[in-house]
Protein chains: 2
Amino acid sequence: MTSPAVSSRALPHPERGEIRLEGILHALSDPMRLQIVRELAAVGDELSCSHFDLPVTKSTTTHHFRVLRESGVIRQVYQGTAKMNGLRRDDLDDLFPGLLDALLGAAARQAIRLGSG
Amino acid sequence: MTSPAVSSRALPHPERGEIRLEGILHALSDPMRLQIVRELAAVGDELSCSHFDLPVTKSTTTHHFRVLRESGVIRQVYQGTAKMNGLRRDDLDDLFPGLLDALLGAAARQAIRLGSG
DNA sequence: TTCGTAGTTTGACATTCGACGTACTACGAT
DNA sequence: ATCGTAGTACGTCGAATGTCAAACTACGAA
């Protein structure tokens, strides 16, 4: 009944020092990826890919999560068949203090403005 | 000796309410455009396109400035043959308080980190 | 061991992007 | 009226992007 063990299947992440602002902005300039990040931030915990009910196929979902991981926005780790996703808050806050919160705040504001909770 | 008059040549800008966060992030995810915006912010005034010495042709320069204008990041106005560019600070600060400064701060930090004033 | 669930990989496709060159327009200065 | 400067428009090109379908892998449960 315990959670499945963390697997060691390879999942390349950029190191903290390799993360680029341009890459983060590009990753978040896609509405679907921005939504994923907002949800991760709201929950404040790791979520599996399948937790998200995205209006695209599985392969497209895989693609979006990979863009987020390779840009340094999220960290991914296998846990059984599930792949858990978590924001790299520590690294992002260290590299760019205040940026993530400003982005999340802006996204929240826009969501309200455009009339969708 | 006075400045040339502001011309009325058409230059479509999105209204404040039409500006989208995703568009801003996409616009700023290009290194050249991010650099332009940093420079505009540093000067705090309007600058002509030709003030920037970009390593691309004139037509590519036109392209980048148009992306910035159409995403709502800058405002452009003709003044004689020159086209003056200014940040839309008022609109951006109203729509997304703190976002622009966070982005500029992040860009400055990264520039220092990567060792280029 | 067999099955189902979660996610990957590959290849295709249409679109967009960043860059270019050439020909063009708009305006100020001479 | 002519010239030079600033920037545009258009067409092109190669690379990247977002999407899909189909075949596949990895793991837990029965």
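Right above here is the structure, for reference.
None of these values were measured; they are calculated from a predicted model.

Visitor: Help me understand the relation of the copies chain B and chain A, please; the structure alone is not making it clear to me.
Guide: The two chain copies are connected by a rotation around an axis plus a translation along it. Placing chain B over chain A gives an RMSD of 0.0 Å and needs a rotation angle of 180 degrees, together with 0.0 Å of translation along the axis. Here the transformation between the copies is reduced to the relation of a two-fold axis. When the interface residues of chain B are mapped onto chain A, 100% of them again fall at the interface, so both copies present the same face.

Visitor: Mind showing me how you'd approach the sheet that holds strand 3 (residues 82-87) of chain A here?
Guide: Through backbone hydrogen bonds, the strands of a sheet pair up, either in parallel or in antiparallel fashion. All names here are of chain A. Taking strand neighbours across the sheet as the criterion, the 3 strands line up as 1-3-2 in an open arrangement whose pairing is antiparallel. The strands lining the two open edges of the sheet, one partner per strand, are strand 1 (47-48) and strand 2 (74-79). Bridge count between strand 1 and strand 3: 2 bridges; the pairing is antiparallel. Residue S48 lies in a different strand from strand 3, and its bridge partner there is M84. The strands that helix 2 (residues 31-43) touches are strand 1, strand 2 and strand 3; relative to strand 3, the one it contacts most, it runs at about 80 degrees.

Visitor: Looking at this structure, I do not really get the pattern of salt bridges. What am I missing?
Guide: Side chains that differ in charge, positive against negative, can pair when their charged atoms come close. Per the counting criterion, the structure on display carries 14 salt bridges over all chains. For D91(B), the salt bridge identified is with R75(B), shortest N-O distance 3.3 Å. Pair noted here: D91(B) is in helix 4 (residues 89-95) and R75(B) is in strand 2 (residues 74-79), with a separation of 16 residues, a long-range link. The buried category is assigned to D91(B), whose relative accessible area is 6%. The exposure class of R75(B) is partly exposed, given its relative accessible area of 33%. Overlapping salt bridges, with partners in common, bring together R16(A), R75(A), R88(A), D90(A), D91(A) and D94(A) in one network.

Visitor: What exactly am I supposed to notice about the interface of chain B and chain A here?
Guide: Accessible area lost upon the coming together of the parts serves often as the stated size of an interface. Facing the 26 residues of chain B at the interface are 26 residues of chain A. Sorting the residues of chain B by area buried against chain A places E22(B), L25(B) and R113(B) first, and these three jointly supply 25% of that buried surface. Where chain B packs against chain A, one counts 0 salt bridges. At the boundary of chain B and chain A, one finds 10 residue pairs in polar contact (both at pLDDT 80 or more). Within the residue set of the side of chain B that touches chain A, elements represented by two or more residues are helix 1 (21-28), helix 2 (31-43), helix 4 and helix 5 (99-113) of chain B.

Visitor: Help me understand empty space enclosed by the protein in this model?
Guide: A probe matching the size of a water molecule, rolled over the atoms, marks out where space remains unfilled. All names here are of chain A. Within this structure, the stated rule accounts for 2 cavities of 30 Å³ or more. Looking at the largest cavity, the residues that line it are I24, L28, V37, V73, L92, F96, L99, L100 and L103. If you list the elements that add at least two residues to the lining of the largest cavity, you get helix 1 (21-28) and helix 5 (99-113). The greatest single-element share of the lining of the largest cavity, amounting to 3 residues, is contributed by helix 5.

Conventions we followed
Residues numbered from 1 in each chain as written. Chains lettered and ligands numbered in written order. Predicted model: local features only at pLDDT ≥ 70, side-chain atom pairs only at ≥ 80, totals over all residues. Heavy atoms only, no water. Least-squares fit on C-alpha atoms with pLDDT ≥ 70 in both. Contact = heavy atoms within 4.5 Å. Pairing = 2+ DSSP bridges. Helix = DSSP H or I, 4+ residues; strand = E, 2+ residues; numbered from the N terminus. Axes fitted to C-alpha atoms, helices over the stretch in contact; angles between N-to-C directions. Salt bridge = Lys/Arg side-chain N within 4 Å of Asp/Glu carboxyl O. Buried < 20%, exposed > 50% of the residue type's maximum accessible area, 1.4 Å probe, protein only. Buried area = accessible area lost by both parts, 1.4 Å probe. Polar contact = N/O pair within 3.5 Å; in protein donor to acceptor, adjacent residues only side chain to side chain. 1 Å grid on protein atoms, 1.4 Å probe; cavity = no way out; pocket = protein on both sides within 12 Å on 5 of 7 lines; lining within 4 Å. Points joined across faces, edges and corners; volume = space filled by probe spheres on them.

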